[in-house]
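An overview of the molecular structure
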Amino acid sequence: RRLLDITDLKLGRGGMALSPDGKTIVLSLDSARVSRIETPQGGTVHVEITENYDEDLFTVDVKTGKLKRLTDTPGVMEKFPSYSPDGKQIAFVGQIDTENLKGVPQEVYVMDADGSNRIHLTHHSEGLGFHFAELRWSPDGTKIAYSYLNVLVGDSEDYCDVFVIDVKKGNVTNITQSPYIVDSEPEWS
């Protein structure tokens, strides 16, 4: 069955995830923003919509199809959501939305599943972004593993390492540190 019939939003390139209990889907949607509404005297309502394609995170109730916005941060693409094992938190990637994304770090954030208590976990001053932007929660929900591009050698050659974040402490550790090797797609046992 069709879960969503979206007219003013479109599915972003930032993926989606099903909650552990199967009741909610979190997804990244491109959203147009209303920039100005005018109602001239005795006239028709005029609405201007700015399409800047910020990707925001939304949840969808699987049973009802009700859509709820979790994030609304102009100029930032929020994407690649991942539920914690207990379904109480969502990790995601945030990136400044620019036309040329080279050199703009992508960061890891975590928030409660209702969109509250947003925490910026990583501060990558170097590096280029995610190789495969899948945030993998440890089974106990205390850590997140991901693969991040560290070195760009040329237009067709780059290398990445696997990093692990301690969600409570915010410590980020490069666990592979493998020069000239692409370490990617980590999985927890």
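Described in the following lines is the structure provided in the data block. In this text the structure is predicted, and so the values were computed from the model without any measurement.

**Re the overall build of the protein chain**
Helix and strand counts for the protein chain come out as zero helices and 13 strands. Reading the protein chain from its N terminus to its C terminus gives the helix and strand order β-β-β-β-β-β-β-β-β-β-β-β-β. Expressed as a percentage of the 189 residues in the protein chain, the buried residues total 40%. In the protein chain, 41% of the contacts between residues at least 6 apart in sequence involve partners at least 24 apart. Approximately 11,100 Å² of the protein chain is accessible, and the part contributed by carbon and sulfur atoms is 50%.

**Observations regarding the layout of surface pockets**
If you add up the space inside the second largest pocket, you get close to 170 Å³. Lining of the second largest pocket is provided by S84, P85, D86, Q89, W137, D140, G141, T142, V167 and K168. When grouped by side-chain class, the residues that make up the lining of the second largest pocket number three nonpolar, four polar and three charged.

**Description of the pattern of salt bridges**
Oppositely charged side chains can form a pair if their charged atoms are brought close together. Counted under the stated rule, the structure contains five salt bridges. The shortest N-O distance in the salt bridge between E78 and R118 comes to 2.7 Å. Of the two residues, E78 is situated in strand β5 (residues 76-83) and R118 in the loop between β7 (107-112) and β8 (119-120); the sequence distance between them amounts to 40 residues. The buried category is assigned to E78, whose relative accessible area is 0%. Residue class for R118 comes out partly exposed when judged on its relative accessible area of 33%. Members of the salt-bridge network, linked through shared partners, are D56, R69 and D72.

**Quick notes on the nonpolar core**
Counting residues in each nonpolar core, the largest one holds 13 residues, and the members touching the most others are V108, L121, L135, W137, I144 and Y146. The set of elements that each furnish at least two residues to this core consists of β6 (89-96), β7, β11 (143-154) and β12 (157-166). With near-sequence residues (within four places) excluded, L121 lies in contact with V108, Y109, V110, I144, I165, V167, G170 and V172. Counting nine residues, the second largest nonpolar core, distinct from the first, contains V26, L57, I90 and F92.

**Looking at the environment of A17**
Inspection of the secondary structure assignment puts A17 in strand β1 (residues 9-18). It is 9.5 Å that separates the C-alpha atoms of A17 and T59, two residues lying 42 residues apart in sequence. In contact with A17, other than residues within four places in its own chain, are T24, I25, V26, P81, S82 and Y83.

Rules and cut-offs
- Residues numbered from 1 in each chain as written.
- Predicted model: local features only at pLDDT ≥ 70, side-chain atom pairs only at ≥ 80, totals over all residues.
- Heavy atoms only, no water.
- Helix = DSSP H or I, 4+ residues; strand = E, 2+ residues; numbered from the N terminus.
- Buried < 20%, exposed > 50% of the residue type's maximum accessible area, 1.4 Å probe, protein only.
- Contact = heavy atoms within 4.5 Å.
- Areas by Shrake-Rupley, 256 points an atom, 1.4 Å probe, with all protein chains shown as cover.
- 1 Å grid on protein atoms, 1.4 Å probe; cavity = no way out; pocket = protein on both sides within 12 Å on 5 of 7 lines; lining within 4 Å.
- Points joined across faces, edges and corners; volume = space filled by probe spheres on them.
- Nonpolar A, V, L, I, M, F, W, Y, C, P; charged D, E, K, R; others polar.
- Salt bridge = Lys/Arg side-chain N within 4 Å of Asp/Glu carboxyl O.
- Core = buried A, V, L, I, M, F, W, Y, C linked by side-chain atoms within 4.5 Å.

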